[in-house]
Amino acid sequence: MNSNHLGHQPEAHPSLLLIPAGRKHPNIRSIGRKEERAVLTRLQQILSIELDRLSIRDQQLLRDFVDLPSFQLPVPVCKQQSLCPSLLKPEMFLWKKHAPTRGLPLNEEFFYKTPYQSLSTRELTVHLQEVIRDYVFCAWVQRLNQNTWIERIQQAYREHPFIVLARSKQNVVRAVEKMNRSSLLGLLNYPEDLSYWRHRVEIVMRPYRSIPPDWQYEICEHEKDLSLDYSTESIHVTCKECSYGVTYWPLTAQLQLPHEVKMEQAVKRIATIERQFDQMALQSLRVITSLNKLRSLKKQLSSYEPLLEKLISLKEKLGESKKDHPALSCYEELKKMDLPEENITPDLISLAKVSVPDAAVLKHAEKWQSIDNGSLESELAELYNELLMREQSMQPQPHDVLFQIKDYCLTRAEFEKIKACLEETELTLSFHLLVQTLLGEATNKVRRLGLHETEIFGMLSQWPRKYITEAVKAQSI
Ligand SMILES: [Zn+2]
């Protein structure tokens, strides 16, 4: 705050600084009413006593805050000549410089709720004691800039016991959340243990889930609002984007989350749900065995990956959905799964590395064991050749009939000839001329254009004219 040129300091009241409030009235004419002048006198009397009671340190803080040789309490004046109903909170001046010619903004949040003019002397004393306390706290906060406070809050956040726990247990927390949604969970023994575990997860995970992702182990990087809570001498730091905030006590560097937990309980609980899961996994060794079988199958098939991919795309091209070889369906199913490189063990952390879209696939693990690694390569190569031959047979052939009406057939070879001829000639042939040429009618025009010398002249001379017309139309020649 730099109040030097902000307001008017009445001579009779050295502890007051009259400041115009409201953008429309940026100056003060005079405080005309007698009652109001009496209020100023009362303010001055109480203030001079209360300010004297402050410690040397607090007095210095207040002087620094207003940047004046002695502290003067800002008293807002509305409409040039009357005292505003309530006093200004020090936050109006915290880390801010107000233009002397503009008048202070009439922002409700920066005004106290107490209408001080009608208070008795005792009540006004109590109110002013609070106001001075707030100014001292605010002056103390202003010694450092906002960024420095945010850095200190960041530090305290990192060191908060729950954040320390969440960071140290992040692999367990992530694994619990992943397994809680995993299709594998339904395969674990026993159903009653499982439903108890899930019930516990909802309770234990609550504090971890209550922290937004951007605040997981550090405070977020968005812009923050800092506001002071005078009654508890704390700073609230909030992020609008995350709808989250914490409270910090600058005097003790303590930090509080919106939902504090009992730390001893939280430490025990996270360890317990991990242990309970591991017990279920130990009771479900068949699932672990099946998963390890699938894992080694996946590894085994990975060396044939290019061939398997070629086989699958060839089958798609041929419109075949049938899987001729179990390795094909096995490969396709395993492709959808995430399996770790290392051996899967019956515990939470290891199982959380497994992702199976459909747990029913585990039933096939036994069936797929019949895939013989020794002969797999030759079997796949044979299947590939077979498919290639099938593809070949489906390739277009010159004798394919593209159009037929009664006994008259237009073959692919004939069609290609007509197309090539039309592409070669520089003439734009009318439909009628083309039909005449195909029929072999050597009219004057056909001769003049040299069409009687083309390869297609008379090619369909045996055809009735109307069928040629239809064939030409049907093939969009
Ligand atoms: Zn944020």
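Analysis parameters
Residues numbered from 1 in each chain as written. Predicted model: local features only at pLDDT ≥ 70, side-chain atom pairs only at ≥ 80, totals over all residues. Helix = DSSP H or I, 4+ residues; strand = E, 2+ residues; numbered from the N terminus. Rg over C-alpha atoms; globule rule 2.2 N^0.38 Å. Buried ≥ 20, exposed ≤ 12 C-beta atoms within 10 Å, placed from the backbone. Contact = placed C-beta atoms within 7 Å. Axes fitted to C-alpha atoms, helices over the stretch in contact; angles between N-to-C directions. Parallel < 35°, antiparallel > 145°, perpendicular 65-115°, else oblique. Nonpolar A, V, L, I, M, F, W, Y, C, P; charged D, E, K, R; others polar. Domains from an automatic or database assignment. Pairing = 2+ DSSP bridges. Core = buried A, V, L, I, M, F, W, Y, C linked by C-beta atoms within 7 Å. Left-handed = near helix turned anticlockwise from the far one by under 90°. Arc of directions from axis to C-beta.

## Quick word on the overall build of the chain
Working step 1: If you tally the helices and strands in the chain, you get 18 helices and nine strands.
Working step 2: Relative to the 2.2 N^0.38 estimate, which gives 23 Å for 477 residues, the radius of gyration of the chain is 44 Å and therefore markedly larger than a compact globule would have.
Working step 3: Residues counted as buried form 22% of the 477 residues belonging to the chain.
Working step 4: In the chain, the proportion of contacts linking residues at least 24 apart, taken out of those at least 6 apart, comes to 69%.

## Things to note about helix H16 (residues 431-439)
Working step 1: For H16, the complete set of buried residues consists of Gln436, Thr437 and Leu438.
Working step 2: Buried residues along H16 sit in contact with helix H17 (444-448) and helix H18 (465-474).
Working step 3: Immediately downstream of H16, the backbone of Gly440 shows phi near 90°, a positive value.

## A few points about the packing of helix H9 (residues 285-302) against helix H11 (residues 326-335)
Pairs of packed helices are described in terms of their axes, by the angle between the two and the distance that separates them.
Working step 1: For the pair H9 and H11, the least separation of the axes is 10 Å and the interaxial angle reads 110°. Regarding the angle of H9 to H11, the classification is roughly perpendicular. Across from Leu294, Leu297, Lys298 and Leu301 in H9, the residues of H11 making contact are Ala327, Cys330, Tyr331 and Leu334.
Working step 2: Taken together, the residues of the contact of H9 with H11 sort by class into seven nonpolar, no polar and one charged.

## Concerning the domain arrangement of the chain
Working step 1: Assigned domains of the chain: these are domain 1 (16-142), domain 2 (146-282), domain 3 (286-393) and domain 4 (401-474).
Working step 2: Here the C-alpha centroids of domain 3 and domain 4 sit 54 Å apart.

## Let's talk about the sheet that holds strand E7 (residues 254-256)
The pairing of strands in a sheet happens through backbone hydrogen bonds and is either parallel or antiparallel.
Working step 1: Spatially, four strands are ordered E4-E5-E6-E7 in an open sheet, and the strand pairing comes out antiparallel. Taken across any chain shown, the strands that pair with only one partner, and hence form the sheet edges, are strand E4 (225-229) and E7. For this sheet, the mean inter-axis angle between neighbouring strands, taken without regard to orientation, is 25°.
Working step 2: Pairing of strand E5 (residues 234-239) with strand E6 (residues 244-249) involves five bridges; the strand directions are antiparallel. Paired with Cys239 across the strands is Tyr244, a residue of E6.

## A few points about the nonpolar core
Working step 1: Of all hydrophobic cores here, the largest spans 42 residues; its most connected members are Leu62, Val75 and Tyr135.
Working step 2: Among the elements of the structure, strand E1 (16-21), helix H1 (34-53), helix H2 (56-66), strand E2 (73-78), helix H3 (121-142), helix H4 (146-158), E5 and E6 are those that each provide at least two residues to this core.
Working step 3: Counting residues per element, this core draws most heavily on H3, which supplies nine residues.
Working step 4: Domain assignment of the residues forming this core places at least three in each of domain 1 (16-142) and domain 2 (146-282).

## As for the pairing of E6
Along any regular strand, the residues point their side chains to alternate faces of the sheet.
Working step 1: Connecting E5 to the antiparallel partner E6 that follows it, the hairpin turn spans four residues, and Ser243 within it adopts a positive phi of roughly 50°.
Working step 2: Looking at chain direction, E6 and E7 are connected through three bridges and run antiparallel. Note on E7: the bridge partner recorded for Trp249 is Gln254.
Working step 3: With antiparallel pairing between neighbouring strands as the criterion, E6 and E7 make up a hairpin whose turn holds four residues, including Ala253 at a positive phi of roughly 60°.

## Re the environment of Gln142
Working step 1: The topology assignment puts Gln142 in helix H3.
Working step 2: Under the C-beta neighbour-count criterion, Gln142 is labelled partly exposed, with 19 such atoms within 10 Å.
Working step 3: The residues contacting Gln142, other than those within four sequence positions of it, are Phe65, Leu94 and Trp95.

## Remarks on the packing of H1 against H3
Working step 1: Viewed as axis vectors pointing N to C, H1 and H3 meet at an angle of 55°, and their least axial separation amounts to 10 Å. If you check the angle between H1 and H3, you find them oblique. Viewed along their axes, H1 and H3 form a crossing whose handedness is right-handed. Seen from H1, the contacting residues are Arg42, Ile46, Leu47, Glu50 and Leu51; seen from H3, they are Thr121, Leu124, Thr125, Leu128, Gln129 and Ile132.
Working step 2: Of the residues that constitute the contact of H1 with H3, the class distribution is six nonpolar, three polar and two charged.

## Let's talk about the sheet that holds strand E3 (residues 82-83)
Working step 1: Overall, mixed pairing links the three strands, which are arranged E1-E2-E3 in an open sheet. Every other strand in the sheet has two partners, leaving E1 and E3 as the edge strands with one partner each.
Working step 2: Bridge analysis of E1 against E2 gives six bridges, and the strand direction is parallel. In the strand pairing of E2, Leu18 is matched with Val75.

## Side note on the environment of Ser168
Working step 1: Structurally, Ser168 is set in helix H5 (residues 161-168).
Working step 2: Among the residues examined, Ser168 registers 13 C-beta atoms within 10 Å and is labelled partly exposed.
Working step 3: Sequence separation between Ser168 and Tyr217 is 49 residues; the distance between their C-alpha atoms is 9.8 Å.

## Some words on unusual backbone geometry
Working step 1: A cis geometry characterises the amide bond from Asn189 onward to Tyr190, with omega recorded as -5°.
Working step 2: One non-glycine residue, Glu233, adopts positive backbone phi at about 50°.
Working step 3: Position of Glu233 relative to the elements: it lies in the loop between E4 and E5.
Working step 4: The residue Ser243 is not glycine, and still its phi comes out positive at about 50°.
Working step 5: Relative to the helices and strands, Ser243 is located in the loop between E5 and E6.

## What about H2?
Working step 1: For H2, the complete set of buried residues consists of Leu61, Leu62, Phe65 and Val66. Buried residues along H2 cover an arc of 120° about the axis, so they all sit on one side. Turned more than 90 degrees off the buried face of H2, the exposed positions are Ile56 and Arg57.
Working step 2: Buried positions along H2 lie against H3.
Working step 3: Positive backbone phi, approximately 55°, marks Asp67, located one or two places after H2.

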